[in-house]
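Listed here are the chains, written in short residue letters.
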Amino acid sequence: MTIFPLPQNCNTFQFCACAGYAGPVPEVTRREPAIDGWFATDDAGIPHLVGSKCPQCGTYVFPPRENNCPNPACAGDTLESVALSRRGRLWSYTENRYAPPPPYPAPDPFEPFAVAAVELADEGLIVLGKVVEGTLADDLKVGMEMELTTMPLFTDDDGVERVVHAWRVARAGDDAERSDEVGAPPACGGERRK
């Protein structure tokens, strides 16, 4: 058996060029969802999650799919695409303090980030997502109101900025706040306002 030496030690606690973590980030040429079909934006640039709903029993599903109702008491096999609530209550949260292992992209240097489980206001469905940059676990409290936005996840080698849905603390009294307001991460396809 021939063993080839690795150029560097590429474990989960170190960044290295062979794993694609080191080096300059390519210039952004366009923005696209990291996963197609999980969220959309309306004409005003306000994002919403895209889910599925069983027409027989009313069970909601996220991420979206076309068939197989997850309700064990329902025999429904066809699900309909629906827009989901963009607000909900923080059900649980955690903070990721370690860079993900290859092949997942991570910034260098790595910055800790919060992950939130939000119970959607109308559907009661719990949806996981990153929390916007600048908000960590110390800023969160179970039960607080959260709202959907979008944020860049990474920029690929072709300069495509991959965007994901994300959660941020809802501001009191704002029912339909734009995700591309001053200082907020822009919605997919939008530009940051100055």
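In case you missed it, the structure is sitting above this.
In short, a report on the structure. What you see is a predicted model; the values in this text were computed from it and never measured.

## Notes on the overall build of the protein chain
Looking only at helices and strands, the protein chain has zero helices and 10 strands in total. The order of helices and strands in the protein chain, counted from the N terminus, is β-β-β-β-β-β-β-β-β-β. Carbon and sulfur atoms provide 52% of the accessible area of the protein chain, an area that totals close to 11,600 Å².

## A few points about the pattern of salt bridges
Enumeration according to the criterion identifies 10 salt bridges in this entry. For R31, the salt bridge goes to E161, with nearest N and O atoms at 3.0 Å. Within this pair, whereas R31 is found in strand β1 (residues 30-33), its partner E161 is found in strand β10 (residues 160-169), the two being separated by 130 residues in sequence. As far as the burial class goes, R31 and E161 line up, both buried. Through salt bridges with shared partners, a single ionic network connects R86, R87, R89, E145, E147 and R168.

## Things to note about the environment of E161
When its relative accessible area of 13% is taken as the criterion, E161 is described as buried. Along the chain, E161 and M151 lie 10 residues apart, while their C-alpha atoms are 9.7 Å from each other. Not counting the four nearest positions on each side in its chain, E161 is found in contact with V28, R30, R31, E32, P152, F154 and T155.

## Let's talk about the environment of V127
Within the fold, V127 resides in strand β8 (residues 126-131). For V127 and W91, which are 36 residues apart along the polypeptide, the C-alpha to C-alpha distance reads 9.4 Å. Among all residues touching V127, those that are not within four sequence positions of it are L49, F62, A116, A117, V118, L120, H165 and W167.

## Here we look at the packing of aromatic side chains
For any pair of aromatic rings, the description consists of the separation of the ring centres together with the inter-plane angle of the planes. One pass over the full model with this rule turns up two aromatic pairs. Consider the rings of W38 and F62, whose centres lie 5.4 Å apart with planes at 70°: the pair is edge-to-face. Placement of the pair is W38 in the loop between β1 and β2 (39-41) and F62 in the loop between β4 (60-61) and β5 (80-83), with a sequence separation of 24 residues. The class for W38 is partly exposed, based on a relative accessible area of 27%. Of the residues examined, F62 reaches a relative accessible area of 17% and is grouped as buried. Geometrically, the ring pair formed by F110 and F113 is edge-to-face, given 6.1 Å between the ring centres and 65° between the ring planes. Residue classification places F110 among the buried residues on the basis of a relative accessible area of 16%. Overall, the relative accessible area of 18% leaves F113 in the buried class.

## A short note on the nonpolar core
Among the nonpolar cores identified, the biggest contains 17 residues, and L49, L120, V127 and W167 are the most heavily contacted of them. Those elements that provide at least two residues to this core are β7 (113-120), β8, β9 (145-155) and β10. Here this core takes four residues from β7, the largest share from any one element. Residues C54, V61, C69 and L79 belong to the second largest nonpolar core, which totals five residues.

## Topic: the side chain of R31
Judged by its relative accessible area of 17%, R31 is buried. Here the side chain of R31 touches E161 through a polar contact of 3.0 Å, side chain to side chain.

Procedures and definitions
Sequence order as written defines the numbering, with residues in each chain counted from 1. pLDDT decides what is reported in this predicted model: residues at 70 or higher carry local features, side-chain atom pairs at 80 or more are listed and counted, and totals for whole chains, interfaces and linings draw on all residues regardless. As a rule here, side-chain values cover all heavy atoms of the structure and leave hydrogens and water aside. The helix count covers DSSP runs of H or I at least four residues long, the strand count covers runs of E at least two residues long, and both are numbered beginning at the N terminus. Computed with the Shrake-Rupley method and a 1.4 Å probe, the accessible areas treat only the protein chains shown as cover for residues. The rule for a salt bridge is simple: a side-chain nitrogen of Lys or Arg has to be within 4 Å of a carboxyl oxygen of Asp or Glu. Relative accessibility decides the category of a residue: with a 1.4 Å probe and only protein chains considered, values under 20% of the type maximum give buried, values over 50% give exposed, and everything between is partly exposed. By definition in these notes, contact holds between two residues if any of their heavy atoms fall within 4.5 Å. Two aromatic rings from Phe, Tyr or Trp, using only the six-membered ring of Trp, form a pair when their centres are within 6.5 Å; if the ring planes differ by under 30 degrees the pair is stacked, by over 60 it is edge-to-face, and anything between is tilted. Grouping buried Ala, Val, Leu, Ile, Met, Phe, Trp, Tyr and Cys residues that are joined through side-chain atoms within 4.5 Å yields what is termed a nonpolar core. Here a polar contact means two N or O atoms within 3.5 Å. Within protein one must be a hydrogen donor candidate and the other an acceptor candidate, and residues neighboring in sequence count only if both atoms are side-chain atoms.

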